[in-house]
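An overview of the molecular structure
Here are the chains, one letter per residue:
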Amino acid sequence: MENQTAQEYHVTYFDAECGRIRSESFESRQDAERFAGRNCIGEESWALIDEVTVEQTRIAA
């Protein structure tokens, strides 16, 4: 087994259409920022981007 770390970007945002807080995960910061920008379209809209380190385990075949 081999352990490696990787970065993920979690976007938590307010979906004004349904009035709920939602979350999405992305592998690149650029994708996360693009998504957050598309969802911040009104006065009540907001989005937060969190950079998260995750551990990935690979099993040798």
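Whatever comes next refers back to the structure up there.
The written sequence of each chain sets the order in which its residues are numbered from 1. Per-residue local features of the predicted model are confined to residues with pLDDT of at least 70, and side-chain atom pairs are confined, for both listing and counting, to 80 or more; whole-chain, interface and lining totals are unaffected and use all residues. Think of the side-chain values as coming from all heavy atoms in the structure, minus any hydrogens and water.

1. Remarks on the pattern of salt bridges
- The rule for a salt bridge is simple: a side-chain nitrogen of Lys or Arg has to be within 4 Å of a carboxyl oxygen of Asp or Glu. Counting across every chain of the model gives 3 salt bridges.
- In this structure, Arg22 engages Asp15 in a salt bridge whose closest nitrogen and oxygen atoms are separated by 3.3 Å.
- Residue Arg22 is classed as partly exposed on the basis of its relative accessible area of 37%.
- Notably, a salt bridge pairs Glu33 with Arg29, separated by 3.1 Å at the nearest N-O pair. In this pair, Glu33 and Arg29 both sit in helix 1 (residues 29-39), 4 residues apart, roughly one turn of the helix.
- Judged by its relative accessible area of 41%, Glu33 falls in the partly exposed class.
- Burial classification: accessible surface area is computed with a 1.4 Å probe over protein chains only, and a residue below 20% of its type maximum counts as buried, one above 50% as exposed, and the rest as partly exposed. On the basis of relative accessible area, Arg29 is assigned to the partly exposed category, the value being 37%. Secondary structure follows DSSP: runs of H or I at least 4 residues long count as helices, runs of E at least 2 residues long count as strands, and numbering of each begins at the N terminus.

2. Comments concerning the packing of aromatic side chains
- Think of it this way: a Phe, Tyr or Trp ring, Trp meaning its six-membered ring, pairs with another when their centres are within 6.5 Å, and the plane angle makes it stacked under 30 degrees, edge-to-face over 60, tilted otherwise. For the structure on display, the rule yields 2 aromatic pairs.
- Look at Tyr13 and Phe35: their rings are 5.1 Å apart centre to centre, the planes differ by 80 degrees, and that puts the pair in the edge-to-face class. With Tyr13 in strand 1 (residues 2-15) and Phe35 in helix 1, this residue pair connects regions lying 22 residues apart in the sequence.
- Judged by its relative accessible area of 6%, Tyr13 falls in the buried class.
- Taken together, a centroid distance of 5.2 Å and an interplanar angle of 45 degrees make the contact between Phe26 and Phe35 tilted. Of the two residues, Phe26 and Phe35, both sit in the buried class.
- Following the ring pairs from residue to residue traces out a cluster consisting of Tyr13, Phe26 and Phe35.

3. Re the environment of Tyr13
- Measuring from C-alpha to C-alpha, the distance between Tyr13 and Ser45 comes to 7.5 Å, with 32 residues separating the pair along the chain.
- By the convention used here, residues are in contact when the closest approach between their heavy atoms is within 4.5 Å. If near-sequence neighbours (up to four positions away) are discounted, Tyr13 is found in contact with Arg20, Ile21, Arg22, Ser23, Glu24, Phe35, Asn39, Trp46 and Ala47.

4. Digging into the side chain of Asp15
- Mapped onto the fold, Asp15 is located in strand 1.
- Two N or O atoms count as a polar contact when they lie within 3.5 Å, although within protein this holds only if one can serve as hydrogen donor and the other as acceptor, and sequence-adjacent residues are included solely when both atoms are side-chain atoms. A distance of 3.1 Å separates a polar side-chain atom of Asp15 from the backbone nitrogen of Glu17.
- A polar contact of 3.3 Å, which involves the side chain of Asp15, links it to the side chain of Arg22.

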